[in-house]
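Here is how the chains run, residue by residue.
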Amino acid sequence: MSVVGSRLSVLSEDFAAAPHRYFARLRERAPVHYEPAIDSYFLSRYEDVRRVLTDHEAFTTETLQVRAEPVMRGPVLAQMTGAEHTAKRKIVVRGFTGPALQDQIRAVHANAAELMAPYLPLGRMDLVNDFGKPLAVHVTLDVLGLDRADWKQVAAWHGGVAEFITSMTLTPERRRHCIDCAEQLEAYLVPVIEQRRRHPGEDLISKLCTAEFDGIAMSNRDVTALVINVLAAATEPADKTLALLFKHLIDHPEQLAQVRRDPDLLPAAIAETLRFTPPVQLIPRQAAEDCVFAGTTVPAGVTVFCMIGAANRDPDAFTAPDTFDIHRPDLGTARSFTAAAQHLAFGTGLHQCVGAAFARAEIETVAAMLLPLLDQVRYSPGFRYRETGLYTRGPVSLSLDFTPVHDGGTRLRRSPSCQAASARAGHAPSTPVPEAVPAQPPTHQAKTTMTSTTSTDISRAINDLLFTPGLDLDEAVERHFTPDYRQRTDGVWSDRAGFVQHMKRLRTLVRSGHIEVHDELRDGPRYADRHTVTITRDNGRTSSTEVYLFARMAPDGRFQCVEETTLLVTGHPDDGNLGSVK
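Residues numbered from 1 in each chain as written. Predicted model: local features only at pLDDT ≥ 70, side-chain atom pairs only at ≥ 80, totals over all residues. Heavy atoms only, no water.

Caption draft 1: Structural context of the overall build of the protein chain. Broken down by element type, the protein chain carries 20 helices and 22 strands. Buried positions account for 54% of the 582 residues belonging to the protein chain. Put simply, 72% of the contacts in the protein chain that link residues at least 6 apart link residues at least 24 apart. Roughly 24,500 Å² of accessible area belongs to the protein chain as shown, and the carbon and sulfur atoms make up 52% of that amount. (Helix = DSSP H or I, 4+ residues; strand = E, 2+ residues; numbered from the N terminus. Buried < 20%, exposed > 50% of the residue type's maximum accessible area, 1.4 Å probe, protein only. Contact = heavy atoms within 4.5 Å. Areas by Shrake-Rupley, 256 points an atom, 1.4 Å probe, with all protein chains shown as cover.)

Caption draft 2: Representation of the packing of helix α12 (residues 220–251) against helix α14 (residues 266–276). Contact geometry of α12 with α14 gives a least axis separation of 9 Å together with a crossing angle of 105°. As far as their axial angle goes, α14 and α12 are roughly perpendicular. Each of Thr241, Leu244, Leu245, His248 and Leu249 in α12 lies in contact with α14, whose residues at this interface are Leu266, Ala269, Ile270, Thr273, Leu274 and Phe276. Here the contact of α12 with α14 is built from residues that sort into eight nonpolar, three polar and no charged. (Axes fitted to C-alpha atoms, helices over the stretch in contact; angles between N-to-C directions. Parallel < 35°, antiparallel > 145°, perpendicular 65-115°, else oblique. Nonpolar A, V, L, I, M, F, W, Y, C, P; charged D, E, K, R; others polar.)

Caption draft 3: View of the pairing of strand β7 (residues 282–287). Among the six residues of β7, six are classified as buried, and the element is accordingly described as predominantly covered. Side chains of β7 alternate between two faces, with Leu282, Pro284 and Gln286 and Ile283, Arg285 and Ala287 buried alike. Relative to β7, strand β3 (residues 59–60) runs antiparallel, the two being bridged by two bridges. Pairing of threonine 60 across the sheet is with glutamine 286, part of β7. (Pairing = 2+ DSSP bridges.)

Caption draft 4: View of the sheet that holds strand β1 (residues 32–35). The mixed open sheet is built from five strands, whose spatial order is β1-β2-β10-β7-β3. On the outer flanks of this sheet lie β1 and β3, each paired with one strand and no other. Most of the contacts of helix α3 (residues 46–54) go to strand β10 (residues 303–307), to which it runs at about 125°, and overall it touches β2 (40–43), β3, β7 and β10.

Caption draft 5: Structural context of the packing of aromatic side chains. A full pass over the atoms with the stated rule returns eight aromatic pairs. With a centroid separation of 5.7 Å and an interplanar angle of 35°, the aromatic rings of phenylalanine 15 and tyrosine 22 are classed as tilted. For phenylalanine 15, a relative accessible area of 1% translates into the label buried. Taking the centre distance of 5.8 Å and the plane angle of 50° together, the rings of phenylalanine 59 and phenylalanine 293 count as tilted. With phenylalanine 59 in strand β3 and phenylalanine 293 in strand β8 (residues 291–293), the pair connects residues that are 234 residues apart, well separated along the chain. (Phe/Tyr/Trp six-rings, centres within 6.5 Å; stacked < 30°, edge-to-face > 60°.)

Caption draft 6: Main features of the nonpolar core. Grouped together as the largest cluster of nonpolar side chains are 101 residues, with contacts concentrated most on Phe15, Phe131, Phe246, Met307 and Leu370. Here the element with the most residues in this core is α12; it accounts for 13 residues. Excluding residues within four positions of it along the chain, methionine 307 makes contact with Val10, Phe15, Phe23, Leu26, Phe42, Leu43, Ser44, Val49, Gln281 and Leu282. (Core = buried A, V, L, I, M, F, W, Y, C linked by side-chain atoms within 4.5 Å.)

Caption draft 7: Just the pairing of β10, in detail. Counting buried residues along β10, five of its five residues qualify, which places the element largely inside the surrounding structure. Here β2 runs beside β10; their pairing, made up of four bridges, is parallel. Counted as the bridge partner of serine 40 is threonine 303 from β10. In this sheet, β10 lies alongside β7 in antiparallel orientation, the contact comprising five bridges. Pairing of isoleucine 283 across the sheet is with cysteine 306, part of β10.

Caption draft 8: Structural context of the environment of leucine 226. With respect to the helices, strands and loops of the structure, leucine 226 is situated in helix α12. Residues leucine 226 and leucine 208, 18 residues apart in the sequence, show an inter-C-alpha distance of 8.3 Å.

Caption draft 9: Representation of the sheet that holds strand β14 (residues 399–401) within the structure. The strand order β4-β14-β11 describes an open sheet built from three strands, whose pairing is antiparallel. This sheet does not close on itself; its edge strands, each paired only once, are β4 (124–126) and β11 (378–379). Strands in contact with helix α8 (residues 127–144) are β4 and β14; relative to β4, the strand with the most contacts, it is inclined by about 60°.

Caption draft 10: Expanded view of the packing of α12 against helix α13 (residues 253–261). Close contact between α12 and α13 brings their axes to 5 Å; oriented N to C, the two are set at 115°. Judged on the interaxial angle alone, α13 and α12 are roughly perpendicular. The residues of α13 that touch α12, namely those facing Leu249, Ile250 and Asp251, are Pro253, Gln255, Leu256 and Val259. Taken together, the residues of the contact of α12 with α13 sort by class into five nonpolar, one polar and one charged.

Caption draft 11: Spatial organisation of the confidence of the model for the protein chain. Per-chain confidence: the protein chain averages 74 in pLDDT, with 66% of residues scoring 70 or above. Across residues 567–582, confidence stays below pLDDT 50; counting only partners more than four residues off in sequence or on other chains, it has 45 contacts. (pLDDT = per-residue confidence, 0-100.)

Caption draft 12: Representation of α8. Counted at 1.5 Å a residue, the expected span for α8 with its 18 residues is 26 Å, and the 24 Å between its end C-alpha atoms agrees. Within α8, 14 of the 18 residues are buried, leaving the element largely enclosed by the surrounding structure. N-cap assignment for α8: the residue whose side-chain oxygen lies 3.0 Å from the backbone N of valine 128 is aspartate 126. (Expected span 1.5 Å × (residues − 1). Polar contact = N/O pair within 3.5 Å; in protein donor to acceptor, adjacent residues only side chain to side chain.)

Caption draft 13: How the structure looks around α14. Judged by how many residues are buried, α14 sits mostly within the fold: eleven of eleven residues are covered. Taken as a whole, α14 has its buried residues at Leu266, Pro267, Ala268, Ala269, Ile270, Ala271, Glu272, Thr273, Leu274, Arg275 and Phe276.

Caption draft 14: Geometry of the pattern of salt bridges. Under the definition given, this model contains 13 salt bridges. Among the salt bridges present, the one from aspartate 142 reaches arginine 148, with a minimum N-O distance of 3.7 Å. A salt bridge links arginine 313 to aspartate 322; the shortest N-O distance between them is 3.4 Å. Classification of aspartate 322 as partly exposed rests on a relative accessible area of 48%. Among the ionic contacts, a cluster of salt bridges with common partners joins Glu272, Arg275, Arg328 and Asp330. (Salt bridge = Lys/Arg side-chain N within 4 Å of Asp/Glu carboxyl O.)

Dropping the structure here:
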């Protein structure tokens with residue numbers, strides 16, 4: 001099939017304005033599209049794209065020597081093969097899986113809560129610029145062990161690196177700017193790398209500094225290149241995917257309502273977002289030999305761009321591909337974040353995105369936090385949606401309005417809602433009387449004050465369990481929580497039995513006087529609970545933490561699911577916090 005005479009140019013302004021409008025035309029009329037201005041071929045059919053990404057002999061990553069290495073300051077993972085690729089990829093993967101991933105998800109919770117807080121009372125937020133972009137950088141800096149105070153400067157340098165990698169053409173001035181950004185980022189990283197060699201920690205930079213390949217430690221250049229590789233790969237897609245997820249759900253209110261009712265659908269919504277609008281639209285390879293696609297010969301030595309967006313909408317791979325459908329049976333949510341993914345948003349084959357599992361955990365965690373908070377979420381009046389980008393693509397902004405979340409109420413020792421809950425359960429409303437303290441006191445002897453800002457519904461349930469004297473805890477849990485009740489604490493799920501054990505520990509602390517709880521009522525059931533816990537030890541040292549709980553209720557009025565988010569501890573975390581009380 002010849003592509004000569006095709007008037008369409010993927011470098012045109014028309015294509016850049018809405019690439020998806022041209023995907024079908026490319027697949028049907030010019031599946032092997034040639035752009036003479038850059039001497040490159042663009043493949044749009046799913047079968048062809050998958051072939052290129054999985055045939056590492058015929059299609060190499062040598063093009064990255066020109067497209068990436070100058071700003072990465074050294075070879076990146078995608079340029080490596082054989083034992084070197086296996087060893088170094090394994091190091092990076094360990095930084096995004098297992099225990100490291102659990103720590104990172106806690107950091108994601110904390111960063112997200114901190115960034116959300118100023119906008120909740122306003123009822124308006126730009127999900128891209130106010131939240132998504134800074135969150136992506138903050139989280140990546142936490143993974144690397146870099147100072148979050150430097151995030152704006154690091155983001156600016158990263159912007160130059162990303163521009164170099166993702167631009168089809170660059171003026172000499174823009175090229176010089178990008179190289180300057182990379183050189184400054186390298187100058188910033190090298191002292192950190194040298195410090196981590198002397199005093200390694202648990203962060204990813206330390207792991208790279210202390211790792212060896214063939215018995216030899218990686219050089220500063222090697223580590224710098226991998227750090228910038230991670231910085232680019234972790235930040236670029238995250239903010240785009242989050243914003244695109246909410247855009248599609250707002251545009252499909254029935255699917256948004258389904259995800260709100262059943263959070264187990266959230267991974268499917270994320271996977272469908274990645275298929276429908278992948279943040280990485282192009283993946284380059286270099287032809288090592290002459291290859292034929294659809295009757296057209298692609299000569300050896302040229303750059304071949306895999307059009308991920310077009311491939312993900314190929315009707316030969318997906319039914320009704322231009323429809324956003326979180327229930328589609330041909331996507332396979334369970335494998336959508338693995339090497340067996342049907343969609344190609346993370347690439348495929350040897351060089352599939354190393355952070356796919358982390359990307360899922362990060363986006364799912366943040367979306368699960370946002371959905372209960374952004375009640376009646378909608379586009380802000382006058383907002384006009386616009387996307388940019390050919391290589392990577394996402395919204396310029398996403399201004400959203402939602403029902404404001406306001407603080408308010410009076411601080412009480414035991415809230416009226418708690419007394420109402422006791423009366424509803426058949427207990428006389430009265431000040432709680434301390435029950436007998438067990439012979440073995442709690443291991444944490446510090447005096448603790450818990451200030452919780454709560455909605456009435458979850459407050460009634462929690463306060464009933466904590467304070468009602470003579471309460472049969474198992475019976476009360478049965479009254480308030482469904483048998484299939486689940487609770488997620490900092491990304492880790494537990495069932496109702498585990499929740500009961502947690503409440504028994506808290507009741508012990510309440511009865512022994514080691515915790516005092518003060519409630520401030522908050523209107524509405526969306527902001528289920530927020531605890532600020534301050535622990536003061538005998539030596540005067542204090543530590544504090546905040547815990548957010550977001551609840552979902554079953555039709556019978558009982559709680560079915562609660563997500564608990566612990567923010568970062570301040571003060572002296574080694575002195576303990578609520579989570580460390582046994």
